[in-house]
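# Examining the three-dimensional arrangement
Here is how the chains run, residue by residue.
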Amino acid sequence: MFDALTERLSGVFDKLTGRGALSEKDVDAALREIRVALLEADVALPVVKDFVKTVKERAVGEDVIRAVAPGQQVIKIVHDALVGLLGGEGEPEGLSLTGEPPIVILMAGLQGSGKTTTSAKLARRIQTRDKKKVLLASLDTRRPAAMEQLQQMAEQAEAGFLPIVQGQGAVDIAKRAVQAGRLQGYDVVILDTAGRTSIDEDLMAEAKAISDVSNPRETLLVADALTGQDAVETARRFNERLPLTGLVLTRMDGDGRGGAALSMRHVTGLPIKFVGVSEKVDGLDAFDAKRMAGRILG
Ligand code: GDP
């Protein structure tokens, strides 16, 4: 995902560490190159501007040009700024699953973003790691195939699946899922909402109505990292309408430019909680800002 960016940044860093002393001009030139590298990686412009500003301020503040190993120090500042951009030093946030069961997790996102796959992956993860019983429910009333897909994936994940009742609306399915979860002793109910090919008023109104009746603890937006700035714009717009608690970026195993991953947190203010790393039901990793920054810097 970050190959091109990693290569560009390592070129910049090689120049910085290749010489003993650095002038202010050298640092400025490096910052310009970092700016171009981030823009080429499809990172949103305001994010790039803030990032470069942060690095510059820290470099000035720490007086890097008078440091013993100025190049190394700049690299460290860039690393720390990247960690900050991705969500900070802390442990990965994970999910909030304590309290009166069933805890509801609402999954939102555009069609094709990987929402259904991610719902099943999450069910599997919660069952195996947190040892909690999960019920999956499909609310995609317009696409019977999507309902069947979730049913199949629920089997792979060895999670419960709310039986499909033909003709029932999404809000009623949400209510039935929560009730079934309560009566059947599930700890967690994951609601896979309908996706559309683009954001429209119907989609938002339906997702909001589902949220209102199911009172979700977590509302996760699933976005396809390969769609770059579109994914960021989608997240921004969903976040205006739904009380999102986090993001899941899918297809991080793909050959994209990585800009979405770098822009998401800054643009939406929401934590990236998980990343999808394969099509398989176990292909979901907790998002770790430090590890990701380390990967980007190679
Ligand atoms: P939905 O329409 O949002 O529910 O999307 P799906 O869950 O049906 O996913 C669309 C396609 O993306 C499927 O072929 C999935 O196998 C694939 N997919 C989902 N997440 C990932 C991922 O993290 N990595 C890869 N490589 N493929 C994924």
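Our subject is the structure listed above.
This write-up is about the structure you can find in this document. All of these numbers come straight from a predicted model, not from anything done at the bench.

## Some thoughts on the pairing of strand β4 (residues 188-192)
Within β4, five of the five residues are buried, leaving the element largely enclosed by the surrounding structure. Where burial is concerned, the two faces of β4 agree: the one with Val188, Ile190 and Asp192 and the one with Val189 and Leu191 are both buried. Where strand β1 (residues 103-108) meets β4, five bridges bridge the pair, whose relative direction is parallel. Across the sheet, residue Ile103 finds its bridge partner in β4, namely Val188. In the sheet, strand β2 (residues 134-138) pairs with β4 via five bridges, with the strands oriented parallel.

## Focus on the site of the ligand
Around the ligand, a shell composed of 18 residues is seen, among which Gly112, Thr116, Thr117, Arg251 and Asp253 lie nearest. Take Gln149: an N or O atom from its side chain is 3.0 Å from an oxygen atom of the ligand. Take Arg251: an N or O atom from its side chain is 2.6 Å from an oxygen atom of the ligand. In isolation the ligand offers 590 Å² of accessible surface; the protein chains occlude 82% of this area. The greatest single-element share of the shell around the ligand, amounting to four residues, is contributed by helix α5 (residues 115-129).

## Examining α5
Over its 15 residues, α5 extends 20 Å from the first C-alpha to the last, a length consistent with the 21 Å expected when each residue adds 1.5 Å. With respect to burial, α5 is a largely interior element, twelve of its 15 residues being buried. For α5, the set of buried residues is Lys115, Thr116, Thr117, Thr118, Ser119, Ala120, Lys121, Leu122, Ala123, Arg125, Ile126 and Gln127. Among the residues trailing α5, Lys131 stands out with phi positive, at a value near 55°.

## Thoughts on the environment of Glu148
In this structure, Glu148 sits in helix α6 (residues 144-157). Placed 78 residues apart in sequence, Glu148 and Leu226 show a C-alpha to C-alpha distance of 26 Å.

## Regarding unusual backbone geometry
Here the bond from Pro101 into Pro102 is cis, since omega is 0°, no more than 30 degrees from zero. On the secondary structure map, Pro102 appears in the loop between α4 (70-86) and β1. Backbone geometry places Glu158, a non-glycine residue, at a positive phi of 55°. Mapped onto the elements of the fold, Glu158 is located in the loop between α6 and β3 (160-161). One non-glycine residue, Asn215, lies in positive phi territory at about 50°. Here Asn215 lies in the loop between α8 (201-214) and β5 (218-224). The class for Asn215 is exposed, based on a relative accessible area of 64%.

Conventions adopted
Residues numbered from 1 in each chain as written. Predicted model: local features only at pLDDT ≥ 70, side-chain atom pairs only at ≥ 80, totals over all residues. Heavy atoms only, no water. Buried < 20%, exposed > 50% of the residue type's maximum accessible area, 1.4 Å probe, protein only. Helix = DSSP H or I, 4+ residues; strand = E, 2+ residues; numbered from the N terminus. Pairing = 2+ DSSP bridges. Near = heavy atom within 4 Å. Polar contact = N/O pair within 3.5 Å; in protein donor to acceptor, adjacent residues only side chain to side chain. Areas by Shrake-Rupley, 256 points an atom, 1.4 Å probe, with all protein chains shown as cover. Expected span 1.5 Å × (residues − 1).

None of this, on its own, says anything about what the molecule does.
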